[in-house]
Amino acid sequence: MQVAAVKAINLASKLAAFADYYQPRTIEQFNGHDLMVVKAQGEFVWHKHDETDDFFLVLAGELDVRLRDRVVTLGPGELFVVPRGVEHQPCAAREAHILLIEPTGTPNTGDPHTAAPRREL
C-alpha cells in the first residue's frame, strides 16, 4: 500500500499568495470537506446555508458575524459556527484572515449561482 506524501501547510504563505477579498482558496481536503483560507474586508452579502453549518476561525484581524438579532465579534484564535439555515453576514472593518471548513462543493453565498468559484492553492 502506497502512502501519499504528507507535508505541513503554512497558512501565512497561502494567505500571502492572493489579495482579493471573500474569494476562498481551498488549501487541503479531508473526509469530504474543504479546508479554505479567505481574506475578509468590508461587508459580505447576507446569506444562509440551508444544508450545512458555516464555520469561521479567525487567524488574524477581527471579524464580525452579523446575525439578524446580534453581532458576534471574533478575534485571532476564536471561532464561531453559524447553524444551518441562519441568515448571516461576515464583515471586517480591516483585513482579516479566516480559516473555513465546509463540505466540498458548498457555495460561499449559499447559492451556486452567486457563489465564488472553487479555487485551489
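Up top is the structure these notes are about.
Residues numbered from 1 in each chain as written. Predicted model: local features only at pLDDT ≥ 70, side-chain atom pairs only at ≥ 80, totals over all residues. Heavy atoms only, no water.

Asks: Just checking my understanding: could you explain the side chain of R25 for this structure?
Replies: Tracing the chain through its elements places R25 in strand β1 (residues 25-30). One polar contact links the side chain of R25 to the main-chain carbonyl oxygen of Q23, over a distance of 2.6 Å. Those residues within four positions of R25 in sequence are excluded, and the remaining contacts are F18, D20, L35, M36, V37, R119 and L121. (Helix = DSSP H or I, 4+ residues; strand = E, 2+ residues; numbered from the N terminus. Polar contact = N/O pair within 3.5 Å; in protein donor to acceptor, adjacent residues only side chain to side chain. Contact = heavy atoms within 4.5 Å.)

Asks: Help me understand the nonpolar core, please; the structure alone is not making it clear to me.
Replies: Considering soluble globular proteins, one finds that nonpolar side chains tend to be buried as a cluster. If you look at the biggest cluster of nonpolar residues, it comprises 18 residues, and the most contacted ones within it are F56, L63, V65, L74, F80 and I98. Elements with a minimum of two residues in this core: β2 (33-43), β3 (54-60), β4 (63-67), β5 (71-74), β6 (79-82) and β7 (88-103). Beyond its immediate sequence surroundings of up to four residues, F80 is in contact with D54, F55, F56, V65, L67, R70, V72 and L74. Core analysis: the second largest hydrophobic core is formed by eight residues, F18, I27, V37 and L57 among them. (Core = buried A, V, L, I, M, F, W, Y, C linked by side-chain atoms within 4.5 Å. Buried < 20%, exposed > 50% of the residue type's maximum accessible area, 1.4 Å probe, protein only.)

Asks: Can you help me understand the packing of aromatic side chains in this one?
Replies: In this description, a pair of aromatic rings is defined by centroid distance and the angle of the planes. According to the stated counting rule, one finds one aromatic pair in the structure shown. Ring centres of Y22 and F44 lie 4.8 Å apart, and the angle between their planes is 25°; this geometry places the pair in the stacked category. Placement of the pair is Y22 in the loop between α1 (11-16) and β1 and F44 in the loop between β2 and β3, with a sequence separation of 22 residues. In terms of burial, Y22 and F44 fall into one category: buried. The cationic tip of R25 hangs over the ring face of F18; the distance from NZ or CZ to the ring centre is 4.3 Å. Between the NZ or CZ atom of R68 and the centre of the ring of W46, over which it lies, the distance is 3.7 Å. (Phe/Tyr/Trp six-rings, centres within 6.5 Å; stacked < 30°, edge-to-face > 60°. Lys NZ or Arg CZ within 6 Å of the ring centre and 35° of its normal.)

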